[in-house]
Amino acid sequence: MAIYLNQEGYLTNVKKVAVSTKACTFQVMDVSSNKSVAEGRSGAGVFDEAAGEEVFALDFSGVRKPGKYYIQGDDGTRSHTFTVGDKIYAGLHKDMIKALYFQRCGCELKAEHAGVYAHEACHIAPAILLEDYMAGTENPETYDLCGGWHDAGDFGRYSTAASVALGHLLYAYKLFPESFKDSLQIPESGNDMPDVLNECLYELAWLIKMQREDGGVYHKLTAWSHAPFIMPQEDHDPFLIYPVSSMATADYAAIMALASGIYKDFRPEFAKEALEKAKKAWNWLENNSYVGFKNPEGSNTGEYDDVCDEDERFWAACEMQKADPANAKVYLERAKVYAEKVSKVDFGWTDVSAFGSLAVLTAEEGLFPAEFVKDISNVVFAEADRLVALQNNSGYGVAMKAQDYVWGSNMVVCNRGMLLVLCALKCKDVQADVYKEAALSQLHYLLGKNALDVSYVTGHGENAYKNPHNRPTASDGIDEPMPGWVSGGPFKAPCDAVAMEKIPVGTPPMKCYIDHVDSYSTNEITIYWNSPAIFMTAFFMQGE
Ligand code: 9MR
Ligand code: 9MR
Ligand code: ZN
């Protein structure tokens, strides 16, 4: 028998349900006194399709006294320990944001901010255009595209991935500013701006450089091939500027428009510039139809290929409507057309349309026509209700079907949590509580209430994973990984060598994961897997 739960802990006044793999009676034990504080009996067995097993709920919601506990089954099985309390997600939240600082490219990470993870500046050489590289042009023109965050375990920087991460983060700040008061001990700490905005500005300043003269935005800045496992400052492969795509340009318009509103009070000059750049990108979009992206043959760095740009254009139109009311008519017209064509419920890099919904549903009254708002709201609520039903059918209480365990499934988990939070914000009382509880249940899964008993955030939880696919982690000579990194998590069709070797074919999707540094398809980290988790903790830190 095994007992699984959120290893980071539970807020005092919420529903608390662990999972066991056998029917049992159980006790909740106080760690300090080693005495039982509550007991119970497991609920009826539920077959969890994604995990391929029957599991039993252990409800211990009655435990509300702050403290440290574990659950013990009648055969002596013990769960990991967990905390009950009111401020329990603050440390996790801070570490997940600070993790982004460790991705900074093009600047020295000093010991006073980075501690043992300090390193010299990386990737400071200017970049060249892909076509010059491929043609072998002698003395090609060079461009300063230095800066930004490394995307993931690789050193590439990709415009759509960057915009999506910034989207999660800027909305988290905008909706829950009170959750961003702690200092992150980054170089800008102590200035007049919350550190999350300082950190995001580092990325935004780089993204601005990715726009071409005509307004189009380059899809990515990467080497031709992924670097070996070396520290970033040892990587001297040339960085190449890959062509413009319409996805990158539309995401850029959206994020710059959003940023122009958020930075207005802190950095008025930047806010003005961001809006100008957003308009330029918008004009490019008006003059160009879909432009996709594919790696040229032989180049193996990330692709972020996407067959549809209507969701990105939808998001852009919704943000522009808010940021540039002078031209509202055009934006609204476009938003209406795209709204018909997109899901409106996803916050991932392939489908960003829920960001458009978020923009519309959190806008001041009157900015969008009531009927348009209502239509979007209906779709968003219908999806939230589908997710709640999915959770109710899941033994682990997570809104995921077996087929949803794609590469980076933990982002799907968190993005669904974000949609549930959005609905919680849009209604009241009991109904709001249903969505809130459902959102929190997604977080419980991430932090250990899952079939592998793993907390998917480094440094948080007794059985947190330890070996992220991340080049610095693998080459810095330090045992412990940086804390606060969300793993991509289980992938139903793992495709890297170590996962394929170690995970037997036919393993249930929720169990297709391996905590191995080489497993890039189940255990990499990325900026946009941390960012929706940050949105979630920001929401649940309110009122603390
Ligand atoms: O480390 C790379 C990771 O960031 C990517 O997600 C992944 C898929 O593009 O590729 C990883 O790099 C591997 C490369 O594709 C093939 N050779 C081994 C590299 C490191 O495992
Ligand atoms: O997150 C991406 C995932 O949705 C895709 O299935 C996968 C393969 O195309 O690529 C992932 O993105 C990787 C990117 O291409 C390069 N940096 C690391 C990203 C995370 O693995
Ligand atoms: Zn770098």
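Residues numbered from 1 in each chain as written. Chains lettered and ligands numbered in written order. Predicted model: local features only at pLDDT ≥ 70, side-chain atom pairs only at ≥ 80, totals over all residues. Heavy atoms only, no water.

A.B. asks: Quick one: what's the story with the sheet that holds strand β14 (residues 220–222), residue by residue and with numbers?
C.D. replies: Across the sheet, which stays open at both edges, the five strands sit in the order β11-β10-β15-β14-β12 with mixed pairing between neighbours. The sheet terminates laterally at β11 (142–143) and β12 (157–158), the two strands that pair on one side only. The sheet contact formed by strand β10 (residues 127–129) and strand β15 (residues 240–241) spans two bridges and is parallel. Residue pairing in the sheet places Ile128 in a bridge with Leu240 of β15. (Pairing = 2+ DSSP bridges. Helix = DSSP H or I, 4+ residues; strand = E, 2+ residues; numbered from the N terminus.)

A.B. asks: Please give an account of the pattern of salt bridges that cites residues and values.
C.D. replies: Throughout the structure, instances matching the rule amount to 18 salt bridges. Here Arg104 makes a salt bridge to Glu199, at a shortest N to O gap of 2.7 Å. Of this pair, Arg104 sits in the loop between α1 (90–101) and α2 (111–114) while Glu199 sits in helix α5 (residues 195–209), and the two are 95 residues apart along the sequence. Per residue, the accessibility class of Arg104 equals that of Glu199, and both read buried. The salt bridge involving Glu383 is made with Arg386; its shortest N-O contact spans 2.9 Å. Pair noted here: Glu383 and Arg386 are both in helix α11 (residues 370–393), with a separation of three residues, about one helical turn. It is possible to trace a salt-bridge network through shared partners that takes in Arg104, Glu188 and Glu199. (Salt bridge = Lys/Arg side-chain N within 4 Å of Asp/Glu carboxyl O. Buried < 20%, exposed > 50% of the residue type's maximum accessible area, 1.4 Å probe, protein only.)

A.B. asks: Before we move on, can you summarise the site of ligand 1 with the specific residues and values?
C.D. replies: Close to ligand 1 lie Asp154, His226, Phe229, Asn300, Trp407, His469, Arg471, Tyr520 and Glu524, which account for all nearby residues. Here His469 contributes a side-chain N or O atom positioned 2.6 Å from an oxygen atom of ligand 1. If ligand 1 stood free it would expose 450 Å²; the protein chains cover 66% of that surface. Judged by its atoms lying within 2 Å of the grid points, ligand 1 is housed in the largest pocket. Counted by class, the shell around ligand 1 contains three nonpolar, three polar and three charged residues. (Near = heavy atom within 4 Å. Polar contact = N/O pair within 3.5 Å; in protein donor to acceptor, adjacent residues only side chain to side chain. Areas by Shrake-Rupley, 256 points an atom, 1.4 Å probe, with all protein chains shown as cover. 1 Å grid on protein atoms, 1.4 Å probe; cavity = no way out; pocket = protein on both sides within 12 Å on 5 of 7 lines; lining within 4 Å. Sits in = over half its atoms within 2 Å of the grid points. Nonpolar A, V, L, I, M, F, W, Y, C, P; charged D, E, K, R; others polar.)

A.B. asks: Let's hear about the coordination of the zinc ion (ligand 3): which residues, and what values?
C.D. replies: Ligation of the zinc ion (ligand 3) by protein atoms is provided by Cys105 (SG), Cys122 (SG), His123 (ND1) and His150 (NE2), these donors lying 2.0 to 2.3 Å from the ion. Of note is the zinc ion (ligand 3), whose four donor atoms meet at the metal with angles of 102 to 114° in an arrangement that counts as tetrahedral. Considered as a linear motif, the donors of the zinc ion (ligand 3) on their single chain read C-x16-C-H-x26-H. Taken as a pair, Cys105 in the loop between α1 and α2 and His123 in the loop between α2 and β10 lie far apart in primary sequence, 18 residues in all. The residues Cys105 and His123 share a single accessibility class, namely buried. (Donors = N, O, S within 2.8 Å, 3.2 Å for Na, K, Ca; no water. Tetrahedral: all angles 85-135°; square planar, octahedral: opposite > 155°, others 65-115°.)

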